[in-house]
Amino acid sequence: MRTFVYFSSTAKTSGNFPVDRLMDAGRMDIAMHVIINAFFISHSLRDDTVLHLVFYGAPDPPKHIEIHVNQETGLSKKDVAGLIKKILYKYKPDKKTEVVPGCFIEKKSFLNVINELADEGKEIFIMDESGDSIRKTKISENGVFVIGDQEGFPKKELKRLKKKFKLVSVGPKVYFASQVVTILNNEMDLRGF
Ligand SMILES: C[S@@+](CC[C@H](N)C(=O)[O-])C[C@H]1O[C@@H](n2cnc3c(N)ncnc32)[C@H](O)[C@@H]1O
């Protein structure tokens, strides 16, 4: 099972954003591209992938959305934004809610999401162009790849993450978050995971 964590400092934390103006919803467009590149391949969906989205935009941060796609999730490329709206609308305080099969929402901080995955025994990689090359990095099938938003990671969090986890690079250029997801999926496909 491969896992991605996408951090957004700006993506809206309520469902009342317009689906035709995703850029104005705290760059929710980037989150949509990340979802599409995490799960969609030609004529198929990746059911070996888990995606964690952690949003810190207004009005009620943080929100942690966890997506495991299965047949019952009904994920459609045409309406990814509709699914995220629905998940955000169905948030209930003090509990992790499964809104549609395989899609959960709760209030949880970015660092807590990562630390909990590490506590489950998963290997955490912080994606950063200055890190060690992915090509030379040993990765287990249960690797967790943490990706920042249009501004990267907040300085304080990055400092803490750097102390505990390995920084990994997919190349010398700075790519879009969604492109990093595609490159990582390809890398793991090539490794036969
Ligand atoms: C658009 S980039 C962020 C750009 C931001 N201005 C910065 O300098 O961090 C979005 C995220 O993609 C990941 N990323 C981009 N290029 C990468 C690379 N070459 N190797 C590894 N991760 C990369 C990082 O996690 C980054 O936070």
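In the block above lies the structure referred to throughout.
Computed from a predicted model, the values in this text were never measured in an experiment.

Mind showing me how you'd approach the site of the ligand here?
The environment of the ligand is made up of 19 residues, and the closest members are Met127, Val170, Gly171, Lys173 and Tyr175. In this structure, an oxygen atom belonging to the ligand sits 3.1 Å away from a main-chain N or O atom of Gly148. Protein contact buries 81% of the 560 Å² of open area that the ligand shows by itself. At a threshold of 2 Å from the grid points, most atoms of the ligand map onto the largest pocket. Secondary-structure elements contributing two or more residues to the shell around the ligand are strand 8 (124-133), strand 10 (166-169) and helix 5 (177-190). Here the element with the most residues in the shell around the ligand is strand 8; it accounts for 3 residues. The class makeup of the residues in the shell around the ligand is 9 nonpolar, 5 polar and 5 charged.

In this structure, what is going on with the packing of helix 3 (residues 110-119) against helix 4 (residues 155-164)? I would like to understand it.
The contact between helix 3 and helix 4 brings their axes to 11 Å, and the two run at 10 degrees. Classified by the angle their axes make, helix 3 and helix 4 are roughly parallel. Of the two possible hands of crossing, helix 3 and helix 4 adopt the one that is right-handed. Across the interface between the two elements, Phe110, Leu111, Ile114 and Asn115 of helix 3 pack against Glu157, Arg160, Leu161 and Lys164 of helix 4.

Sorry, what's going on with the sheet that holds strand 5 (residues 63-68) here?
Note: strands within a sheet are paired through backbone hydrogen bonds, in either parallel or antiparallel orientation. The 8 strands lie next to each other as 6-7-5-4-1-9-8-10, forming an open sheet whose pairing is mixed. Sheet topology places strand 6 (97-100) and strand 10 at the edges, where each strand pairs with a single neighbour. The mean inter-strand angle of the sheet, taken between neighbouring strand axes irrespective of direction, is 30 degrees. In the sheet, strand 1 (residues 2-8) pairs with strand 9 (residues 144-147) via 4 bridges, with the strands oriented parallel. Of the residues in strand 9, the one forming a bridge with Val5 is Val146. On the sheet, helix 3 packs against strand 1, strand 4 (49-55), strand 5, strand 8 and strand 9 and is oriented at approximately 155 degrees with respect to strand 4.

Hey, could you run me through the pattern of salt bridges in this one?
Close approach of charged atoms allows side chains of opposite charge to pair. Within the structure shown, the criterion is met by 14 salt bridges. A salt bridge links Arg46 to Asp189, with the nearest nitrogen and oxygen atoms 2.8 Å apart. Linking Arg46 in the loop between strand 3 (44-45) and strand 4 with Asp189 in helix 5, this pair joins segments that are 143 residues apart in sequence. Look at Arg46 and you get buried, because its relative accessible area is 11%. In this structure, the salt-bridge partner of Lys108 is Glu106, at a minimum N-O distance of 3.2 Å. A cluster of three or more residues bridged by salt bridges with shared partners is formed by Arg2, Arg46, Asp48 and Asp189.

In this structure, what is going on with helix 4? I would like to understand it.
Residues separated by three or four positions in an α-helix point in the same direction, a consequence of the helix having 3.6 residues per turn. Regarding helix 4, the residues found buried are Glu157, Leu158 and Leu161. Here the buried residues of helix 4 occupy an arc of 95 degrees about the axis, which is enough to place them on one side. Of the exposed residues in helix 4, the ones pointing more than 90 degrees away from its buried face are Lys155, Lys156, Lys159 and Lys163. Buried residues in helix 4 make contact with helix 3 and strand 8.

Explain the packing of aromatic side chains to me, please; I cannot follow it from the model alone.
Remark: the centre distance and the inter-plane angle together describe each pair of aromatic rings, the angle taken between the planes. Per the counting criterion, the structure on display carries 5 aromatic pairs. Between Phe7 and Tyr56, the aromatic rings sit 5.5 Å apart at their centres with planes inclined by 45 degrees, giving tilted as the arrangement. Highlighted residues: Phe7 in strand 1 and Tyr56 in the loop between strand 4 and strand 5, separated in sequence by 49 residues. Consider the rings of Phe125 and Phe145, whose centres lie 5.5 Å apart with planes at 20 degrees: the pair is stacked. Remark: Phe145 occurs in strand 9 and Phe125 occurs in strand 8; sequence separation between them is 20 residues. Take Phe125 and Phe145: they sit in the same class, and that class is buried. Linked through ring pairs, Phe7, Tyr56, Phe110 and Phe153 together constitute an aromatic cluster. Positioned above the aromatic ring of Phe17 is the side chain of Lys85, whose terminal nitrogen or guanidinium carbon lies 5.2 Å from the ring centre. Of note, Lys96 hangs over the ring of Phe104, and the distance from its end group to the ring centre comes to 5.2 Å.

Calculation notes
- Residues numbered from 1 in each chain as written.
- Predicted model: local features only at pLDDT ≥ 70, side-chain atom pairs only at ≥ 80, totals over all residues.
- Heavy atoms only, no water.
- Near = heavy atom within 4 Å.
- Polar contact = N/O pair within 3.5 Å; in protein donor to acceptor, adjacent residues only side chain to side chain.
- Areas by Shrake-Rupley, 256 points an atom, 1.4 Å probe, with all protein chains shown as cover.
- 1 Å grid on protein atoms, 1.4 Å probe; cavity = no way out; pocket = protein on both sides within 12 Å on 5 of 7 lines; lining within 4 Å.
- Sits in = over half its atoms within 2 Å of the grid points.
- Helix = DSSP H or I, 4+ residues; strand = E, 2+ residues; numbered from the N terminus.
- Nonpolar A, V, L, I, M, F, W, Y, C, P; charged D, E, K, R; others polar.
- Axes fitted to C-alpha atoms, helices over the stretch in contact; angles between N-to-C directions.
- Parallel < 35°, antiparallel > 145°, perpendicular 65-115°, else oblique.
- Left-handed = near helix turned anticlockwise from the far one by under 90°.
- Contact = heavy atoms within 4.5 Å.
- Pairing = 2+ DSSP bridges.
- Salt bridge = Lys/Arg side-chain N within 4 Å of Asp/Glu carboxyl O.
- Buried < 20%, exposed > 50% of the residue type's maximum accessible area, 1.4 Å probe, protein only.
- Arc of directions from axis to C-beta.
- Phe/Tyr/Trp six-rings, centres within 6.5 Å; stacked < 30°, edge-to-face > 60°.
- Lys NZ or Arg CZ within 6 Å of the ring centre and 35° of its normal.

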